[in-house]
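# Architecture at a glance
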Amino acid sequence: MIILFDLDGTLIDSTEAILESFHNAFDIHNAKHPSDKEIKALIGHPLDVMFAELGVEEERVWDFVTTYKEYYREISTQKTELLSNAKEAVEVADSFAELGIVTTKTGKYSQILMEHFGLMDRFDTLIGREDVQNPKPHQEPILKALEAFELTPQKEVWMIGDTQLDLLAAKNAGVNSIGVLSGYDSEERLKKFTNVVFSDALEAVEYLKSRKISHS
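The model shown is predicted, which means the values in this text are computed figures rather than measured ones.

### What to know about helix H5 (residues 86-94)
- Among the residues making up H5, those that are buried are Ala 86, Ala 89, Val 90, Val 92 and Ala 93. When H5 is viewed along its axis, its buried side chains cluster within an angular range of 165° and face the same direction.

### Quick word on the nonpolar core
- The biggest cluster of nonpolar side chains holds 54 residues, and the ones touching the most others in it are Ile 3, Phe 5, Leu 11, Phe 22, Phe 51 and Phe 123.
- What Phe 123 contacts, discounting residues up to four positions off in sequence, is Phe 5, Leu 11, Val 90, Leu 99, Gly 100, Ile 101 and Met 114.

### Re the pattern of salt bridges
- Considering all chains together, one arrives at 14 salt bridges under this definition.
- A salt bridge links Glu 156 to Arg 211; its shortest N-O distance comes to 3.0 Å. A residue pair is termed long-range when its members are at least 10 positions apart, and Glu 156 in the loop between helix H7 (140-146) and strand E6 (157-161) and Arg 211 in helix H10 (residues 201-215) qualify at 55 residues.
- The class for Arg 211 is partly exposed, based on a relative accessible area of 24%.
- Through salt bridges with shared partners, a single network forms among Lys 87, Glu 91, Asp 94 and Arg 122.

### A word on the packing of aromatic side chains
- Under the definition given, this model contains eleven aromatic pairs.
- On the basis of an interplanar angle of 35° and a centroid distance of 4.5 Å, the ring pair of Phe 22 and Phe 51 is categorised as tilted. You can see Phe 22 sitting in helix H1 (residues 15-28) and its partner Phe 51 sitting in helix H3 (residues 47-53), a full 29 residues away along the chain.
- The exposure class of Phe 51 is buried, given its relative accessible area of 0%.
- Ring centres of Trp 158 and Tyr 207 lie 6.2 Å apart, and the angle between their planes is 85°; this geometry places the pair in the edge-to-face category. Residue Trp 158 is located in strand E6, and its partner Tyr 207 is located in helix H10; the two are separated by 49 residues in the primary sequence.
- By relative accessible area, which is 26% here, Tyr 207 ends up partly exposed.
- Taken together, the ring pairs connect Phe 22, Phe 26, Phe 51, Phe 64, Tyr 68, Tyr 72 and Tyr 109 into an aromatic cluster.

### Let's talk about the packing of H1 against helix H4 (residues 61-75)
- Running from amino to carboxyl end, H1 crosses H4 at an angle of 135°, the nearest separation of the two axes being 8 Å. Looking at the two axes, H1 sits oblique to H4. Relative to H4, the crossing made by H1 is right-handed. Facing Ala 17, Ile 18, Glu 20, Ser 21, Phe 22, Asn 24, Ala 25, Phe 26 and Ile 28 of H1, the residues of H4 in contact are Phe 64, Thr 67, Tyr 68, Tyr 71, Tyr 72 and Ile 75.
- When its residues are assigned to classes, the contact of H1 with H4 shows eleven nonpolar, three polar and one charged.

### Quick word on unusual backbone geometry
- Going from Lys 136 to Pro 137, the amide bond is cis rather than trans, its omega being 15°.
- The phi dihedral of Asn 30 is positive, around 50°, even though this residue is not glycine.
- Tracing the chain through its elements places Asn 30 in the loop between H1 and helix H2 (36-40).
- The class of Asn 30 is exposed, set by a relative accessible area of 73%.
- Of note in this structure, Asn 85 is not a glycine but carries a positive phi near 75°.
- Tracing the chain through its elements places Asn 85 in the loop between strand E3 (81-82) and H5.
- For Asn 85, a relative accessible area of 35% puts it in the partly exposed group.

### Looking at the side chain of Asn 24
- Position of Asn 24 among the secondary structure elements: in helix H1.
- When near neighbours in sequence (up to four residues on either side) are disregarded, Asn 24 contacts Thr 67 and Tyr 71.

So, how was this worked out
- Residues numbered from 1 in each chain as written.
- Predicted model: local features only at pLDDT ≥ 70, side-chain atom pairs only at ≥ 80, totals over all residues.
- Heavy atoms only, no water.
- Buried < 20%, exposed > 50% of the residue type's maximum accessible area, 1.4 Å probe, protein only.
- Helix = DSSP H or I, 4+ residues; strand = E, 2+ residues; numbered from the N terminus.
- Arc of directions from axis to C-beta.
- Core = buried A, V, L, I, M, F, W, Y, C linked by side-chain atoms within 4.5 Å.
- Contact = heavy atoms within 4.5 Å.
- Salt bridge = Lys/Arg side-chain N within 4 Å of Asp/Glu carboxyl O.
- Phe/Tyr/Trp six-rings, centres within 6.5 Å; stacked < 30°, edge-to-face > 60°.
- Axes fitted to C-alpha atoms, helices over the stretch in contact; angles between N-to-C directions.
- Parallel < 35°, antiparallel > 145°, perpendicular 65-115°, else oblique.
- Left-handed = near helix turned anticlockwise from the far one by under 90°.
- Nonpolar A, V, L, I, M, F, W, Y, C, P; charged D, E, K, R; others polar.

Such coordinate-based values are descriptive only and should not be taken to indicate function.
This is the structure in structure tokens:
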């Protein structure tokens, strides 16, 4: 079995770092600040899409993205934490499956975060925004991640994520998906895209563990 995890809202909570980095970018560029609620509603999308949706003019979007990244790099490890049960979820998953990370965050910073939490060595691959042309909900990030594994017809592939972007990417890539309620989308929203929804990543992993045992 192969299990692919999203990061924000699935394994980690970097909301404080994200919000602070967005507000810093709007400060630096003397632009009108969006509300925290408006920013949080877009988490999971690529940064350029988020800034554009928040009213930044097209020609200035990448200046905002660069400013965001420079600031986020400085504060991310101090202002990001593992979600409850996330460490155990990864450890349990690693005991019976091959693991990967598929995120819309910058892969370089994502790897630093997971090394900071002592979990990066549990994963065989990490696909970030810079690794693909088309981010989630496109299938490319998942298909790119699967290149790191030896696929067989008998080997199930599951994507665990907290937003519709994760679940749509899984559907587009032809793999199974599980929604978790530890992040940014509601149960009602997630159930439009998958019929398997759990409270957090650990519950999702325990479900997959029992599924593998019953099929073995």
